[in-house]
Amino acid sequence: MKEYLADEPVIIESGSGCRLRDVKGHEYWDGVSSVWLNVHGHRVPELDAAIRRQLDYIAHSTLLGMANVPAILLAEKLIQIAPPGLAKVFYSDSGAEAVEIALKMAFQYWKNRGVDGKTTFVTMREAYHGDTVGAVSVGSIDLFHQVYSPLLFPSIKIPFPNVYRSPFGDTAEEVKNGSLKMVEEVFQQRGDEIAAMIVEPVQGAGGMIPMPAGYLRELRRLCSAYDILLIVDEVATGFGRTGKMFACEHDGVTPDIMTVAKGITGGYLPIAATLTTDTVYDAFYADYDELKTLYHGHSYTGNQLGCAVALANLELFEQKKLVSEVEQKAKELAVYLEPIRSLSHVGDVRQAGFMVGIELVEDKATKKPFPWQQRLGVRVCRRCRELGMLLRPLTDVVVFMPPLSATLQELKEMTNILYQAIAEVTEDTSVV
Ligand SMILES: *Cc1c(COP(=O)(O)O)cnc(C)c1O
């Protein structure tokens, strides 16, 4: 708080496309899509109109014990675009809530089926699933989570298959195989205690780290073999971000439970959802006195304005063939990022579609990080701000997540700023 108050705050007044404007009239690129949300840019006429249209019907009525029109239409649409086999939608208002619901659903699924003892979760080190206490219990970023540890339920944490830094080896194949072997050992030893495993297909807040290709497919196979539910958290990766509608599609995987939020409304309003299969749903489908209800609900669940804009967002995806366009543009983006790789303090440039992490290191050869007190990530982002782009780092990983609508020209201009800021700040680290 002290630092925030000492610094000059940016107070946003308006936005348009990929640009934001503050109250002093400064303009910036929205280089992280307003923290990983924005899809088609700001003030999109079709999305604005969808909200105005819905206002002429109703802004909100409860979803508890009843339904509403846009919530039904959106659920239908989500099932249509989700990996095959996901058939039911449970709404909430944020990614963290979608995760809470996933955890409770997985836990109770086994209870409702009369299976005792499957009460634990497996997660990955450096995982991030949101800031509520359940989501933090399956999270594993010490900086954010350590202080709350006495409040949390225990979970089994295994290393994420991070090819840049892994105890399992240096190649994607070694890391994949080593990590999967460890997962299988855990499943063998403790499978009877495990309700579910939760994963991010690209570790987001942990540093923008994609899984090796084929990893998720093997994980799906192991979860099925050991009777463990697979929860895939697509809150950051969903809705085109990685060049597929959902990151699961890269590996042809259908999870038992999938969480979505962030891009679902194009970055307009807080809607989230937990999707699941008929198999999981059926375990809750029972007479009242069997007490199999999933007791969970939020006041604003299924909000009509949010669902209406989410529907308009998904229509725009189709009209603009946005997912395949992102897949194409991401190839050009990789070319624009190439010069950054050769900077002397850039250890790794990771990219999954429009999800980019640039890891800064003191020593490229040994991958030795900068002392955290130097706050290189923060300093690079501060320089970007001076140069006209707003970013938010993850320690020494500079995150670049432009809106999916960004044109090649806009991507070029943004990556030029990125290059200049990283070069200026890191090539002259003597000036601290
Ligand atoms: C952002 C995020 C969340 C939390 O979503 P909120 O809407 O901020 O609560 C959960 N999981 C992942 C993977 C995320 O990136």
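Whatever comes next refers back to the structure up there.
Conventions we followed
Residues numbered from 1 in each chain as written. Predicted model: local features only at pLDDT ≥ 70, side-chain atom pairs only at ≥ 80, totals over all residues. Heavy atoms only, no water. Pairing = 2+ DSSP bridges. Helix = DSSP H or I, 4+ residues; strand = E, 2+ residues; numbered from the N terminus. Axes fitted to C-alpha atoms, helices over the stretch in contact; angles between N-to-C directions. Patch = residues over 30% accessible without salt bridge, like charges linked within 9 Å, V, L, I, M, F, W, Y side chains within 5 Å. Areas by Shrake-Rupley, 256 points an atom, 1.4 Å probe, with all protein chains shown as cover. Salt bridge = Lys/Arg side-chain N within 4 Å of Asp/Glu carboxyl O. Buried < 20%, exposed > 50% of the residue type's maximum accessible area, 1.4 Å probe, protein only. Parallel < 35°, antiparallel > 145°, perpendicular 65-115°, else oblique. Left-handed = near helix turned anticlockwise from the far one by under 90°. Contact = heavy atoms within 4.5 Å. Nonpolar A, V, L, I, M, F, W, Y, C, P; charged D, E, K, R; others polar.

Chemist: Would you explain the sheet that holds strand E6 (residues 156–158) in this entry?
Modeler: The pairing of strands in a sheet happens through backbone hydrogen bonds and is either parallel or antiparallel. If you trace the 7 strands from one edge of the open sheet to the other, you get E4-E12-E11-E10-E7-E5-E6, paired in mixed fashion. In the strand order of this sheet, the two ends are held by strand E4 (86–92) and E6, each with one partner. Each strand of the sheet is rotated relative to its neighbour by a mean of 20°, with strand direction disregarded. Across 3 bridges, strand E5 (residues 120–124) lies against E6 in parallel orientation. Residue pairing across strands places Met124 opposite Ile158, the latter belonging to E6.

Chemist: So what exactly am I meant to see when it comes to a nonpolar patch on the surface here?
Modeler: On the surface, Val133, Val147, Tyr148 and Leu151 cluster together to form a nonpolar patch covering roughly 420 Å² of accessible area. You can see Leu151 is positioned in the loop between helix H7 (142–145) and E6. Overall, Leu151 belongs to the exposed group, its relative accessible area being 58%.

Chemist: When you look at the packing of helix H8 (residues 172–190) against helix H9 (residues 215–225) in this model, what are you seeing that I'm missing?
Modeler: Between two packed helices, what matters for the description is the angle formed by their axes and the separation of those axes. The N-to-C vectors of H8 and H9 enclose an angle of 15°; their axes lie 11 Å apart at closest approach. What the angle tells us is that H8 and H9 run roughly parallel. The two elements H8 and H9 meet at a crossing, and its hand is right-handed. Across from Lys176, Ser179, Leu180, Val183, Glu184 and Phe187 in H8, the residues of H9 making contact are Tyr215, Glu218, Leu219, Leu222 and Cys223. Of the residues belonging to the contact of H8 with H9, the class tally is 7 nonpolar, 1 polar and 3 charged.

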